[in-house]
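# Descriptive structure summary
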Amino acid sequence: MSDQGDRIAEEAVKHLEIGGGPNQSLENRQAYKALCWPFDPAWAQDDFSKNQYSCALTARGIWRNVGVQHPLLEGAYVEQYTQPLGDAVSQIQVIAKSKGAWVDPRTSDEPPYRGCVVIICTPGQNDAHVLIVYNYTGIDGVLTSVDGGQGVRGDYSIQWRRRRLGYDHAHKLWRVWEGPNLDVPARPVLGWAIPEKMLP
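Note that the coordinates shown come from a computational prediction; the quantities given were computed from them, not determined experimentally.

To continue, consider the pattern of salt bridges. Think of it this way: side chains of opposite charge can pair up when their charged atoms draw near. Scanning the entire structure with this criterion turns up nine salt bridges. R114 is paired through a salt bridge with D6; the nearest N and O atoms lie 2.6 Å apart. One end of the pair, R114, is in the loop between β1 (102-103) and β2 (117-120); the other, D6, is in helix α1 (residues 3-13), with 108 residues separating them in the sequence. Overall, the relative accessible area of 12% leaves R114 in the buried class. By relative accessible area, which is 29% here, D6 ends up partly exposed. Put simply, R163 and E178 hold a salt bridge, and the shortest N to O gap is 2.8 Å. Of the two residues, R163 is situated in strand β5 (residues 157-168) and E178 in strand β6 (residues 173-178); the sequence distance between them amounts to 15 residues. One exposure class covers both R163 and E178, and it is buried. In the salt-bridge network here, residues are joined through shared partners; they are D147, R161, R163 and E178.

What follows is the structure in structure tokens.
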């Protein structure tokens, strides 16, 4: 636990339930665009908020709001956008590595914790997802997170998620388990950004 981790986790909670879909209020849609695409022109905000998977963009917005500084957080995303899904996720790593904050799980015997921004993905597949840790209980391995990009295309929003996170000894990697009973093996953990090095 750290002050920096608390700042990131609590900022993330402020944005729960907002999204870009037709069932959202105008206020929520505007807040969603301001979080994820604050420097983009209105036409790009409208297009992205309906069609762009927003998990990494949510994390970038939270970092920006709490004072993380990096050139990639300062410009219009439409000018950075080069391919579906992957670009914003890769930028999470670029930003974290530039600050010495990136943790490779193969070199860590400690799990991510409150305020960490985590990437999970299956090697060789385009299924990367970014989440913000709100709480992790080591006794049962339950990870509670704030996740952007929840729902279906055209109606994405920011929601609570629960998973189990632990070390998969059979495959020698950290992974998450999902499903109603949190017992279905899911994506491995690619790595995470620690809050103490993201913020002064």
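All right, on to the nonpolar core then. Counting residues in hydrophobic clusters, the biggest one holds 52 residues, and the most contacted among them are W63, I92, V118, V130 and M198. Residue contributions to this core peak at seven residues, all from helix α4 (residues 55-66). Look past the residues within four positions of I92 in its chain and what remains in contact with it is A56, A59, R60, W63, V117, I119 and V130.

Relative to β5, strand β4 (residues 142-150) runs antiparallel, the two being bridged by seven bridges. Within β5, the residue paired with L143 across the bridge is R163. Between β4 and β5, which pair antiparallel and follow one another directly, the connecting turn spans six residues, one of which, G151, has a positive phi of 110°.

For the structure on display, the rule yields six aromatic pairs. For the ring pair F48 and Y77, a centre distance of 5.6 Å and an interplane angle of 65° mean the geometry is edge-to-face. You can see F48 sitting in helix α3 (residues 42-51) and its partner Y77 sitting in helix α5 (residues 77-80), a full 29 residues away along the chain. A connected cluster of aromatic rings, assembled from ring pairs, spans Y32, W37, F48 and Y77.

Another point: unusual backbone geometry. Notably, E17 is not glycine yet its phi reads approximately 80°, a positive angle. Position of E17 relative to the elements: it lies in the loop between α1 and α2 (26-36). Given a relative accessible area of 43%, E17 falls into the partly exposed group. Non-glycine residue K172 carries a positive phi angle of around 55°. One can find K172 in the loop between β5 and β6.

On to α1. For α1, every residue scored as buried is listed here: Q4, G5, I8, A9, E11 and A12. Here the buried residues of α1 occupy an arc of 165° about the axis, which is enough to place them on one side.

Criteria and thresholds
- Within any chain, residue numbers begin from 1 and follow the written order of that chain's sequence.
- Per-residue local features are limited, in this predicted model, to residues with pLDDT of at least 70; the limit for side-chain atom pairs, both in listing and counting, is 80 or more; totals at the level of whole chains, interfaces and linings are taken over all residues.
- With hydrogens and water stripped out, all remaining heavy atoms of the structure feed into the side-chain values.
- Should a side-chain nitrogen of Lys or Arg be within 4 Å of a carboxyl oxygen of Asp or Glu, the pair is scored as a salt bridge.
- Working definition: helices are DSSP H or I runs of at least four residues, strands are E runs of at least two. Numbering for both runs from the N terminus.
- Buried means the residue's accessible area, taken with a 1.4 Å probe over protein chains only, is under 20% of the maximum for its type, while exposed means over 50%, and partly exposed covers the values in between.
- To qualify as a nonpolar core, a set must consist of buried Ala, Val, Leu, Ile, Met, Phe, Trp, Tyr and Cys residues joined through side-chain atoms within 4.5 Å.
- By definition, residues are in contact when any of their heavy atoms lie within 4.5 Å.
- Only strands joined by at least two bridges in the DSSP assignment are considered to pair.
- Only Phe, Tyr and Trp rings take part, Trp by its six-membered ring, and two of them pair if their centres are within 6.5 Å. Stacked means planes under 30 degrees apart, edge-to-face means over 60, and tilted covers everything else.
- When we speak of the arc, we mean the arc of directions from the helix axis to the C-beta atoms.

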